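Results of the structural survey
For reference, the chains in residue letters:
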Amino acid sequence: QLRLGIAGLSASTSPTMRFSGALHGVRTVAQLIVVVGLSMVLGSVVAPLVGCSSAVITGGSMQPGIRRGDIVVHCPISPDQVQPGQILVVDNPSRPGTQLTHRVVNINPARTVTLKGDANREPDRAAVSADQVEGMVRVVTPAVGLPAVWTTEGQWRLLALAGFAVLGVFCVARPRIDDPTTP
């Protein structure tokens, strides 16, 4: 047994009590992870209900602020509200049919917008017109979209590992009936 003394008080702690306390701490952290994860996913699902859209980031041009696998929620913005420094989601002028998420670096006299990825040295070659702007990024949800990225890239091992990790978190976070610390 271990004796602890704090300000004249002492308590004995058996190895079983220490393990139970550690397990309770692990469970609390796992529950917090589950709640935060569900909140992030719910935020991405609720976005369309308020007129916004979400997109999974598949490239690294906006690192370190927005990383591959992050989900961005973007809401419509009128052309006269676009300002330098904002992060926009646009129809990609270089790859039609895809989206591009970059920062506004300049508003040109013809009301076109010059964009640049934070990790890129140079601005994008093609300016974007107002009708190509799908929205301004309002929320970034870290890493939730990684399974979608892994699926499109065929990284099945990472996907399986993430699935087992999530399953493990749910198993640890689930209160047990025989747990005396569970109300």
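Structure report, in brief. As the structure is a computational prediction, the values presented were derived from the model and not from experiment.

The rules behind these values
Residues numbered from 1 in each chain as written. Predicted model: local features only at pLDDT ≥ 70, side-chain atom pairs only at ≥ 80, totals over all residues. Heavy atoms only, no water. Core = buried A, V, L, I, M, F, W, Y, C linked by side-chain atoms within 4.5 Å. Buried < 20%, exposed > 50% of the residue type's maximum accessible area, 1.4 Å probe, protein only. Helix = DSSP H or I, 4+ residues; strand = E, 2+ residues; numbered from the N terminus. Contact = heavy atoms within 4.5 Å. Lys, Arg positive; Asp, Glu negative; His and termini not counted. Salt bridge = Lys/Arg side-chain N within 4 Å of Asp/Glu carboxyl O. Polar contact = N/O pair within 3.5 Å; in protein donor to acceptor, adjacent residues only side chain to side chain. Disulfide = S-S within 2.5 Å.

Moving on, we come to the nonpolar core. Formed by I77, V82, L88, V90, L100, V104, V113, L115, V128, V133 and M136, the largest nonpolar core amounts to 11 residues. Going through the elements one at a time, β5 (87–91), β6 (99–107), β7 (113–116) and β8 (133–141) are the ones with two or more residues in this core. Apart from the residues lying within four places of it in its own chain, the contact partners of L115 are L88, V90, H102, R103, V104, V105, P123, D124 and V128. Counting 8 residues, the second-largest nonpolar core is a separate cluster that includes A55, I57, I66 and V89.

Moving on, we come to the side chain of D124. Along the chain, the position of D124 falls in the loop between β7 and β8. Buried charged residue D124 carries no salt bridge. Nearest counter-charge: K116, at 8.2 Å. A polar side-chain atom of D124 sits 2.8 Å from a polar atom in the side chain of H102. Apart from residues no more than four positions distant in its own chain, D124 is found in contact with L100, H102, T114, L115, K116 and G117.

This part takes up the state of the cysteines. One pass over the full model with this rule turns up 1 disulfide. One disulfide in the model links C52 with C75; its S-S distance is 1.9 Å. Disulfide C52-C75: the torsion about the S-S bond is 95 degrees, which places it as right-handed. Here C75 lies in strand β4 (residues 71–75) and C52 lies in the loop between α1 (15–46) and β3 (53–56), a separation of 23 residues in the sequence. Each member of the pair, C52 as well as C75, is classed as buried.

A few words on the pattern of salt bridges. A side chain with one charge may pair with a side chain of the opposite charge, provided their charged atoms come close. This structure, assessed with the given rule, holds 2 salt bridges. Taking the shortest distance from any N to any O, the salt bridge between E153 and R68 comes out at 2.6 Å. In this pair, E153 is assigned in helix α2 (residues 146–153) and R68 in the loop between β3 and β4, connecting sequence segments 85 residues apart. Judged by its relative accessible area of 38%, E153 is partly exposed. Residue classification places R68 among the partly exposed positions, given a relative accessible area of 32%. Close ionic contact of D118 with R103 constitutes a salt bridge, the shortest N to O distance being 2.8 Å. Here R103 lies in strand β6 and D118 lies in the loop between β7 and β8, a separation of 15 residues in the sequence. A relative accessible area of 30% means that D118 is categorised as partly exposed.

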